[in-house]
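# Tertiary structure, described
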Amino acid sequence: MIMHQNNQLTLAEMKTGQTGTVVGVLGGHGLIRRLDGLGIRPGKKVTKLSSTLFHGPVILRADSTQVAVGFGMARKIIVELDKYLPRTP
Amino acid sequence: MMRILLVGNPNVGKSALFSRLTGTHIIASNYPGTTVGFTKGYLKLGQEQAEVIDVPGSYTLEPSSRAEEVTVEMLREGDVVINVVDATNLERNLNLTLQLLERQTPVIVALNLWDDTRHRGISIDVAKLEELLGVPVVPTAGITGQGIRELVGRLPEARVPRNARIYANSDERWLKVGDIVSQVQSLSHRHHTWYERLEDASSHPVGGIIIALLVLFATFWFVRFVGEGIIGYIAEPIFEGLWTPVLMKLSLALGGGGFLHNVLIGELVGGGIDYSQSFGLLSTGLYIPLGAVLPYIIAFYLVLGILEDVGYLPRLAVLMDAIMHRLGLHGYAIIPTILGFGCNVPGIMATRILESRKQRFIASTLISIGVPCAALQAMIIGVVGKQGVAYVAMVYGSLFISWVVIGLILNRAVRGFNPELLVEIPPYRLPPWRVVGQKLWLRVSGFIREALPIVLGTVLVVNILYTLGVFRAIADIAAPVLTGLWGLPKETIAPLVIGFLRKDAAMGMLASLGLTARQLVISSTVLAMFFPCVATFVILARELGVRDLFKAIGVMLVAVLIMGSLQNLIL
């Protein structure tokens, strides 16, 4: 299991509608690069739009792009939730 | 000849722009040694012809898939790059732009989907963007044709920027992108459009399923309607009015019988040509691909093209992904599967879009066993339907169950990997009709070029085997299975063997045997799952290779033996 701080969770664990900032991708180089090309990278604000039944893909929005990521990938994307942010940058 | 490359992210309206730039003469081909396809066309520049290539869409020049590797390789062979940028998604698109500017090929930027920016509340300072990038920037709208003339006019200004800079890593580049975006773009508040409401609904877990069912239902209805329309009003009149007289003359010239007559024209039924029963190379052999299958293919490719350009397919893939993953596939495998309901041949050809060998094997095997083509379905509904809708449902139910069960087993049995879905979900857009038309033409002509020779060749071989009595020998061997395991009368062997040639004709023969409803259900299920028709068979061999073809046939035989016996026990 991934150890994370109280205000950080994976994209898979986020609830629909929650917004947060990507803080890391716990994946191989290939995954990091593919996500980077789609604009999903540390520092990026993302909103979880929906999840599908039976651990299907998670849909998220980064800027005006909507991206669907497989559930396994969603478990590797660590997001820091907005409402827990101690101060705005 | 000057070579112009259209390069950009996927879903930025690149093909619409391509279609505006080039005339009607376009060619689709595969990049040498790959299954990655691209289209090529020509543009008149003053006195000269220039070649325009629509490079496969890519998010980055640091490739992570074969398609992206091809993009990078093609870049080396271009003289000018038109970088197509989605104006409504500037940040992500400029990342690719900066990567293109690091190279030594002159670049001009087409700020596409410009017409979309206003209702999205985006305004972009084009002059400023041009200054910051150091290359010309032209706002365009591929659908209306806005800005195309200016884009072509400023093509000679394309250049490698003077202030070109190589970024040490992706973070630095994104920093620069952020800097540029903050200087040129301003956003204002706007209301949700009804498009976006529909987008949200079709991504919703429950709403999405309802919409998907509606879309699928409409698709099948449309395909049957258009397909049958083309057959009834175009294909049959042409064959019966124009082609039959030619064949009858040939039949007379061949003396009305003999080996050559049997191979070319087949048997005369009631003194004439019957395109579903004569089985000659020039009669049934031509009629299957052109008269019976092509109409459905046209209808299917038309719907597929529209769904593709509207932006629905990625949503369908996402929705199906969880189920498909349990069958060793991923969401995108739904597209070949749907195509297979029209005709298995293009369905199996479309499995090339899947990434791994495992996925392609499972998808093709499942299509050839569990997905009945349009011609067969029409006959199943016609023949079995006379006994009652419940029996049709039993056939479809059995096929669906075997599709799922075989998938579950193959997922565990076949080695290899099944990558996860990672896909951009584009906003809904009205399809550019020019592009839909062009794609339809490219796909249909591709089907004729690839599938027609295969069908004709195999019909020829099968005809010779049939005349030599090979099938009768097979029938004798298979007879105990029929009567013992499946509880079918011995006469059903002839239709089942004919099913190898044409499954819909085989259904017609079953209809005339006076079977009970129960026997009809078993025989039509067996017919659908059993050996695919010849054309599918050859396509399977080509796409999978001979070794995997034999594995697929093994799966098929075991599946059909078990399913037929189970039905015999339960029903």
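The shown structure was predicted, so the numbers you read here are calculated from the model rather than taken from an experiment.

### Concerning the domain arrangement of chain B
Residues and elements named next belong to chain B.
- According to the domain assignment, chain B consists of domain 1 (2–187) and domain 2 (205–570).
- A straight line from the C-alpha centre of domain 1 to that of domain 2 covers 40 Å.
- Across the boundary between the two partners, domain 1 contributes 10 residues, which contact 9 residues of domain 2.
- With 3 residues, the single largest contributor to the side of domain 1 that touches domain 2 is helix H1 (residues 14–21).
- Looking at the side of domain 1 that touches domain 2 residue by residue, the class counts come to 5 nonpolar, 5 polar and no charged.

### Regarding the interface of chain B and chain A
- Each side of the interface is counted separately: chain B has 24 residues, and chain A has 27 residues.
- For the side of chain B that touches chain A, the element with the highest residue contribution is helix H12 (residues 313–326) of chain B, accounting for 5 residues.
- Split by residue class, the side of chain B that touches chain A holds 11 nonpolar, 7 polar and 6 charged.
- Taken together, the 4 bridges between strand E5 (residues 65–69) of chain A and strand E10 (residues 422–425) of chain B define a ladder with antiparallel strand orientation. The residue of E10(B) that forms the bridge with A:Val69 is B:Leu422.

### Brief notes about the pairing of strand E5 (residues 80–86) of chain B
Residue and element names in this part refer to chain B.
- Most of E5 sits inside the fold, with 6 of its 7 residues counted as buried.
- Bridge count between strand E1 (residues 2–8) and E5: 5 bridges; the pairing is parallel. Counted as the bridge partner of leucine 6 is isoleucine 82 from E5.
- For the handedness criterion, the β-α-β arrangement of E5, helix H3 (residues 90–101) and strand E6 (residues 107–112) is classed as right-handed.

### Observations regarding the sheet that holds strand E2 (residues 19–25) of chain A
- Read across the sheet, 7 strands follow the order E1(A)-E6(A)-E2(A)-E3(A)-E4(A)-E5(A)-E10(B) without closing on themselves; strand pairing throughout is antiparallel. Bordering the open sheet on either side are strand E1 (8–10) of chain A together with E10 of chain B, each of which pairs with just one other strand. Strand-to-strand twist in this sheet, taken as the mean axis angle between neighbours without regard to direction, amounts to 40°.
- Taken together, the 5 bridges between strand E3 (residues 45–51) of chain A and strand E4 (residues 58–62) of chain A define a ladder with antiparallel strand orientation. Note on E4(A): the bridge partner recorded for A:Val46 is A:Ala62.
- Packed on one face of the sheet, H12(B) meets E4 and E5 of chain A together with E10 of chain B and runs near 135° to E10(B).

### Details of unusual backbone geometry
All names here are of chain B.
- With a phi close to 60°, asparagine 11 is a non-glycine residue in the positive phi region.
- Structurally, asparagine 11 can be placed in the loop between E1 and H1.
- Of note in this structure, leucine 113 is not a glycine but carries a positive phi near 60°.
- Position of leucine 113 among the secondary structure elements: in the loop between E6 and helix H4 (114–117).
- Given 26 C-beta atoms within a 10 Å radius, leucine 113 is considered buried.

### Concerning the nonpolar core
Residues and elements named next belong to chain B.
- Counting 136 residues, the largest nonpolar core has Phe300, Ala317, Ile334, Met529 and Val534 as the members making the most contacts within it.
- Considering each element in turn, this core owes the most residues, 12 residues, to helix H11 (residues 284–310).
- In contact with phenylalanine 300, not counting residues within four places along its chain, are Val223, Leu339 and Gly342.
- Grouped together as the second largest cluster of nonpolar side chains are 44 residues, Ile82, Ile124, Ile143 and Trp174 included.

How each quantity is defined
- Residues numbered from 1 in each chain as written.
- Chains lettered and ligands numbered in written order.
- Predicted model: local features only at pLDDT ≥ 70, side-chain atom pairs only at ≥ 80, totals over all residues.
- Domains from an automatic or database assignment.
- Contact = placed C-beta atoms within 7 Å.
- Helix = DSSP H or I, 4+ residues; strand = E, 2+ residues; numbered from the N terminus.
- Nonpolar A, V, L, I, M, F, W, Y, C, P; charged D, E, K, R; others polar.
- Pairing = 2+ DSSP bridges.
- Buried ≥ 20, exposed ≤ 12 C-beta atoms within 10 Å, placed from the backbone.
- Right-handed = clockwise from strand over helix to strand, strands pointing away.
- Axes fitted to C-alpha atoms, helices over the stretch in contact; angles between N-to-C directions.
- Core = buried A, V, L, I, M, F, W, Y, C linked by C-beta atoms within 7 Å.

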